[in-house]
Amino acid sequence: RNPQIGTKSAFLLGFPDYATDAVPPLPGTRVELENIAKVLKAANYKVTQRMQKEATEQSIKSIKAPTIVHIATHGYFLQDVKGAHGSVYGVDAENASNNPLLRSGLILADAKEAITDTKAVDITHSENGILTAYEAMNLDLEGTDLVIMSACETGLGDVKSGEGVYGLQRSFLVAGADALIMSLWKVDDEATQLLMSHFYSNWVKGGNKEKAFKQAQVQLMA
């Protein structure tokens, strides 16, 4: 679909205040979001931006199918948690062991307790700063053109394991997103910002996601 048609809105989330030193902050994502917001506002998008304390799990859960969802935060992908006790990222270890959708997710503001506490919570109701792939399936993205998850690079899981990564991707598509772009490795902050700015500029001009992304990669290499 061409993003130039109809009412256009974008939900941008990044630079969460994790409230714990266990997760490294991502200050580059603030610049990334500000650059993207400029491009989109110039193209008449209604932009909602959530950073620091506002970059919460609840803010993502309350979105109503914006045209674009851009999330810049750490992801985690756990291949297996057999033998683990208590909780893993706020989820009961036994449940996580049985369900790959509970072994991947996004880390958001105020995730301290979920990461450092051994006590598991009921993830279906609680806002603990962790959006699991299981929860992401229930987001309202029916009509969302594109979800971008950048900065998902993390030492918090084995990205090569596949299952966790596919679980997170699939959840956003099940929730209704038309397409998804996800970065899974450590990318230089400046390069990410440039790539994303080029991509959005190209897309709002042309309306073709694939072409816009390829073009952005070529521009970056040049």
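Look up a bit, the structure's there.
Attention in this report is confined to the structure presented alongside it. (Residues numbered from 1 in each chain as written. Predicted model: local features only at pLDDT ≥ 70, side-chain atom pairs only at ≥ 80, totals over all residues. Heavy atoms only, no water.)

### Section: the packing of aromatic side chains
Thinking step 1. Counted by the stated rule, this structure contains four aromatic pairs.
Thinking step 2. Both rings, one in Tyr76 and one in Tyr89, keep their centres 4.0 Å apart while their planes meet at 15°; by these two values the pair is stacked. Of this pair, Tyr76 sits in strand 4 (residues 75-77) while Tyr89 is found in the loop between strand 5 (87-88) and strand 6 (91-92), placing the two residues 13 residues apart along the sequence.
Thinking step 3. Looking at Tyr76, the relative accessible area reads 0%, which means it is buried.
Thinking step 4. Since its relative accessible area comes to 14%, Tyr89 is described here as buried.
Thinking step 5. Summarising the aromatic geometry, the rings of Phe199 and Tyr200 are spaced 5.3 Å apart at their centres and angled 65° between planes, so their arrangement reads as edge-to-face. Note on accessibility: Phe199 and Tyr200 belong to one class, buried.
Thinking step 6. Each member of the aromatic cluster is reached from another via a ring pair, and the members are Phe199, Tyr200, Trp203 and Phe213. (Phe/Tyr/Trp six-rings, centres within 6.5 Å; stacked < 30°, edge-to-face > 60°. Helix = DSSP H or I, 4+ residues; strand = E, 2+ residues; numbered from the N terminus. Buried < 20%, exposed > 50% of the residue type's maximum accessible area, 1.4 Å probe, protein only.)

### Points about the packing of helix 7 (residues 189-206) against helix 8 (residues 209-221)
Thinking step 1. The contact between helix 7 and helix 8 brings their axes to 8 Å, and the two run at 140°. On the basis of their axis angle, the class for helix 7 and helix 8 is oblique. For helix 7 against helix 8, the interelement crossing comes out right-handed. Together, Ala191, Leu194, Leu195, His198, Phe199, Asn202 and Trp203 of helix 7 and Lys209, Ala212, Phe213, Gln215, Ala216, Gln217, Gln219 and Leu220 of helix 8 make up the contact between the two elements.
Thinking step 2. In terms of residue class, the contact of helix 7 with helix 8 is made up of nine nonpolar, five polar and one charged. (Axes fitted to C-alpha atoms, helices over the stretch in contact; angles between N-to-C directions. Parallel < 35°, antiparallel > 145°, perpendicular 65-115°, else oblique. Left-handed = near helix turned anticlockwise from the far one by under 90°. Contact = heavy atoms within 4.5 Å. Nonpolar A, V, L, I, M, F, W, Y, C, P; charged D, E, K, R; others polar.)

### Some thoughts on the packing of helix 1 (residues 28-42) against helix 7
Thinking step 1. Across the interface, helix 1 lies against helix 7 with an axial gap of 9 Å and an inter-helix angle of 15°. Relative to helix 7, the element helix 1 lies roughly parallel. Once helix 1 is placed against helix 7, the crossing between them reads as right-handed. Here Gly28, Val31, Glu32, Asn35, Ile36, Val39 and Leu40 of helix 1 lie close against helix 7, whose contacting residues are Asp189, Thr192, Gln193, Met196, Ser197, Tyr200, Ser201 and Val204.

### Points about the environment of Ala72
Thinking step 1. Mapped onto the elements, Ala72 comes out in strand 3 (residues 68-72).
Thinking step 2. Looking at Ala72, the relative accessible area reads 0%, which means it is buried.
Thinking step 3. Placed 58 residues apart in sequence, Ala72 and Gly14 show a C-alpha to C-alpha distance of 4.5 Å.

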